[in-house]
Every structure is written in structure tokens, then in C-alpha cells.
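Residue-level structural notes
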Amino acid sequence: MRALKHRDRSIDPLPETSAIPETRTRPVMSVVATFLFGSVARSDHVEGSDTDLLMVNLGDETRHVSVGHASLFLYPWLRLKLDAKEGDLFACHLVYEAKAIIDPLGYLPKLKKSFRFKSDYQSEIARATELGWFLARFGEGLNSALQAKRILWCVRTILIARSAELRDPIFAPQLLAARAKSEAARELLSKRHDQRDDAALRHSLRMFLIEETKAEPFHKQASRTAFARRFRETSNKVALQTLLQEQNSQTGYD
């Protein structure tokens, strides 16, 4: 699960790096707990699934490191606790599915005690919907891997947010597929590991958005520039990171 990875991290993904930074260039961090979450924690993983680990630290650094099929999130405890109090979807994911690997001081129980649902998750749905429409209309400019990853993020975030509004949060793709109203959602989720044509993915995403969300005139008419401006105005971090990754890929720095 790469970024609710936000692949399954259904919140904003963290800054990524391809290798663990050298400790001699950074102060030693106080890691107080390590949690396993995602498909491995749920025991519904398949060959090639990521092993998702979250390390809780008492500093203020947030980082996401991917090495092969290992995905490591470094997260400050104070931010994690605040996110739980505010009903953040990633915190919700941890509260409902994480398993403590190392937790001598009981940080996972503390996190569960702190968690409160938001009154609604319409802002999360709106951000995922707007990125979804951008991808459906302009996604051909992205490399195939990034496009597929972001399409899945949009679909899962919308469905997870709706389940959270029902106070019955679901994160497993196969369960989300079973609850989805549209055939497009079920296809995207059930065939998420299959190699598919980029245009076919965008078409399925468009059908999902038409069937399961309320499209605004903006979504179908806005230019790329207008979408980018909207992403900045709404602090759509996943969308902004997607634009940055697209730019870096085109300039050879990805």
C-alpha cells in the first residue's frame, strides 16, 4: 500500500524518497512505536503487495520512504494525535486496522482513545473528485504508473470517506468494491493489479465519477491551468504533488 497508500493512504501522501537518509546528516530521532497497517495487517495481501509500517517519533519530522515492497512512514506523535482528534482518514485507518509491532508505552491504544469522527468527509470527497476529473481529462500527460496510482487513490478515498460518514470505515479494496454502486468502481478495485491501457483506466475513472459523484460544470469545462489554481486554493496536497511529480518526470528529475 503506497500512499491512503494514502497507494492505501487515503489522505495526502507524504514526501517520498527512494532510500533511507544517512543518519550522520540528521539528528537521532526518538522512535517510540512501530505499527503495521494496510493489506499485510489485514491479511488480504497478494504477491507484490507493499508492507506498510508506521514509525511514531517524538520529533517533528514527517517522511515516507519506499524501498522495494517496503513502505515506511515516519510520523510525529503530536501530529498523529491531533489528526486522530480531527477525524483524519489516515488516523482512522490506523485506529481501525493497525497492529502494534513495537509499542511498549501503548501509543496505539492512546491513538484509538483520541480518535473522533468528523461530522462529514465532504472536503475529502471533493478533493478526490476534483483530482479524479483532472486525471480523466488530462491524465495522458502522466506516466502510466503514477496515473494508475492516483486513479486508485481517488476511487478509494471517495469510497472510504463515505464509509467513514456512516461510522463504518472500510479500507480493504475488495470490501469497498462490494459496497460500490458503480460497475466502474468494482472493476477498478478488483483489477487494480492488472496491466491495463491508460486510456481504458481514464474511461473507467470517468464512468465512476459520473455514476458516484456530483459533477460540477467546472469539472468538465476547466482548463489545466484552472485545475491547478483550484488545487492551490483548496490546498489539495495530493493533486499538487501529482502536478509536481508530472513536472519532475518531464524534466528528468523524477
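Let me sum up the structure you'll find in this document. Treat the numbers as computed from the prediction; the structure is a model and nothing was measured. (Residues numbered from 1 in each chain as written. Predicted model: local features only at pLDDT ≥ 70, side-chain atom pairs only at ≥ 80, totals over all residues. Heavy atoms only, no water.)

1. Looking at the packing of aromatic side chains
Applying the stated rule across the entire model yields 13 aromatic pairs. A centroid spacing of 5.4 Å and a plane angle of 55 degrees characterise the contact between F37 and F73, whose relative ring orientation is tilted. You can see F37 sitting in strand β2 (residues 31-37) and its partner F73 sitting in strand β5 (residues 70-76), a full 36 residues away along the chain. With relative accessibility at 0%, the residue F73 sits in the buried group. (Phe/Tyr/Trp six-rings, centres within 6.5 Å; stacked < 30°, edge-to-face > 60°. Helix = DSSP H or I, 4+ residues; strand = E, 2+ residues; numbered from the N terminus. Buried < 20%, exposed > 50% of the residue type's maximum accessible area, 1.4 Å probe, protein only.)

2. Remarks on the pairing of β2
Extensive coverage of β2 is indicated by the burial of six of its seven residues. Bridge count between β2 and strand β3 (residues 51-57): six bridges; the pairing is antiparallel. Counted as the bridge partner of L36 is L53 from β3. Where β2 meets strand β6 (residues 99-102), three bridges bridge the pair, whose relative direction is antiparallel. (Pairing = 2+ DSSP bridges.)

3. Quick look at the packing of helix α6 (residues 144-165) against helix α9 (residues 198-212)
The packing of two helices is summarised by the inter-axis angle and the distance between the axes. Orientation of α6 relative to α9, taken along the N-to-C sense of each, is 20 degrees, at an axis distance of 10 Å. The orientation of α6 with respect to α9, classified from their angle, is roughly parallel. The handedness of the crossing between α6 and α9 is left-handed. Of the residues in α9, those touching α6 at S144, Q147, A148, I151, V155, I158, L159 and R162 are D198, L201, R202, L205, F208, L209 and E212. (Axes fitted to C-alpha atoms, helices over the stretch in contact; angles between N-to-C directions. Parallel < 35°, antiparallel > 145°, perpendicular 65-115°, else oblique. Left-handed = near helix turned anticlockwise from the far one by under 90°. Contact = heavy atoms within 4.5 Å.)

4. As for unusual backbone geometry
Of note in this structure, R167 is not a glycine but carries a positive phi near 60 degrees. When you line up the elements, R167 lands in the loop between α6 and α7 (173-179). Positive phi outside glycine occurs at S235, with the angle close to 50 degrees. As for its position among the elements, S235 is in the loop between α11 (224-233) and α12 (237-251). Overall, S235 belongs to the partly exposed group, its relative accessible area being 47%.

5. What about the nonpolar core?
In terms of nonpolar packing, the biggest core is built from 65 residues, with L54, L131 and F208 touching the most fellow members. At 11 residues, the largest contribution of residues to this core is made by α6. Those residues in contact with L131 that lie beyond four places of it in its chain are R150, W153, C154, F231, V238, A239 and T242. (Core = buried A, V, L, I, M, F, W, Y, C linked by side-chain atoms within 4.5 Å.)

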